[in-house]
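Structure at a glance
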Amino acid sequence: MDDRVAEALAASIPRYRDLPGGLLPLLHALQAKLGCVPPEAVPAIASALQLSRAEVHGVISFYHDFRSEPAGAHVLQICRAEACQAMGSRALEAHAKTRLGIDFGETTADGRVTLEPVYCLGNCACSPSVRLDEEIHARVDAARLDALLAGLGEVVGG
Ligand code: FES
């Protein structure tokens, strides 16, 4: 196991092991330290909390906030919920994937952008919406998305 992962587990497990519902705060603590919850940490987490590996994995994959790998320098989230889909987010999603050369859950080879789905940004009246890092953008079309990516200061993808 990677030393950083082992250290993060050693620091976090004792704090949450005996806490009712301690799995979620433990996962958040690991992601805060490591930028993700590495798959190699799952057996140790399961053992410490007396859960099965499948249970731990199920929680990690259920909550979209948890990552298995650290994100890139920027995170682009495209809303896939109903209102945004009705206003063309599927086409936007396809454009983003082509533009960046990656699928959801992946990071560009240069490490600049991670692309993720999100399920409602609370901005349904101005669909389709995306979030780039901490900022939400409304009524985004392909050209606007390209401008946002260009605004990151570096050419991304192809
Ligand atoms: S459905 Fe996309 S912001 Fe609500």
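A brief structural summary. On a predicted model such as this, the values are computed, not experimentally measured, just so you know.

Before going further, it helps to spend a moment on the pairing of strand β3 (residues 113–118). Among the 6 residues in β3, 6 count as buried, and that is most of the element. The alternating pattern of β3 places Val-113, Leu-115 and Pro-117 on one face and Thr-114, Glu-116 and Val-118 on the opposite face, and all of these are buried. Where strand β1 (residues 74–79) and β3 come together, 6 bridges link them in parallel fashion. Its bridge partner being in β3, Gln-77 is matched across the sheet by Glu-116. Of the strand pairs in this sheet, strand β2 (residues 106–107) and β3 are connected by 2 bridges, and their pairing is antiparallel. Within β3, the residue paired with Glu-106 across the bridge is Leu-115. The hairpin turn running from β2 into β3, its antiparallel successor, is 5 residues long, and Gly-111 in that turn takes a positive phi close to 75 degrees.

One way to put it is that helix α2 (residues 23–34) packs onto helix α4 (residues 53–62) with a least axis distance of 11 Å and a crossing angle of 65 degrees. If you check the angle between α2 and α4, you find them roughly perpendicular. Seen along the crossing, α2 lies across α4 with a hand that is right-handed. Only Val-56, Val-59 and Ile-60 of α4 make contact with α2, whose side of the interface consists of Leu-23, Leu-24 and Leu-27. Grouping the amino acids of the contact of α2 with α4 by side-chain chemistry returns 6 nonpolar, no polar and no charged.

Definitions and limits used
All residue numbers refer to positions counted from 1 along the written sequence of the respective chain. Per-residue local features are limited, in this predicted model, to residues with pLDDT of at least 70; the limit for side-chain atom pairs, both in listing and counting, is 80 or more; totals at the level of whole chains, interfaces and linings are taken over all residues. To get the side-chain values, all heavy atoms of the structure are used, and hydrogens and water are removed first. Throughout this description, buried means an accessible area under 20% of the type-specific maximum (1.4 Å probe, protein chains only), exposed means over 50%, and partly exposed covers the range between. Helix and strand assignments follow DSSP, with helices taken as H or I runs no shorter than four residues and strands as E runs no shorter than two, numbered in order from the N terminus. When DSSP finds at least two bridges between two strands, those strands are taken to pair. Here the axes come from fitting lines to C-alpha atoms, over the contacting stretch only for helices, and the angles between their N-to-C directions go from 0 to 180 degrees. Orientation labels follow simple angle bins: below 35 degrees gives roughly parallel, above 145 gives roughly antiparallel, 65 to 115 gives roughly perpendicular, and whatever is left gives oblique. We call a crossing left-handed when the near helix sits turned anticlockwise from the far one by less than a right angle, and right-handed when that turn is clockwise. Only heavy atoms enter the contact rule, under which two residues are in contact if any of them lie within 4.5 Å. Under this grouping Gly is polar, as are all residues other than the nonpolar Ala, Val, Leu, Ile, Met, Phe, Trp, Tyr, Cys and Pro and the charged Asp, Glu, Lys and Arg.

In short, geometric facts, not functional conclusions.
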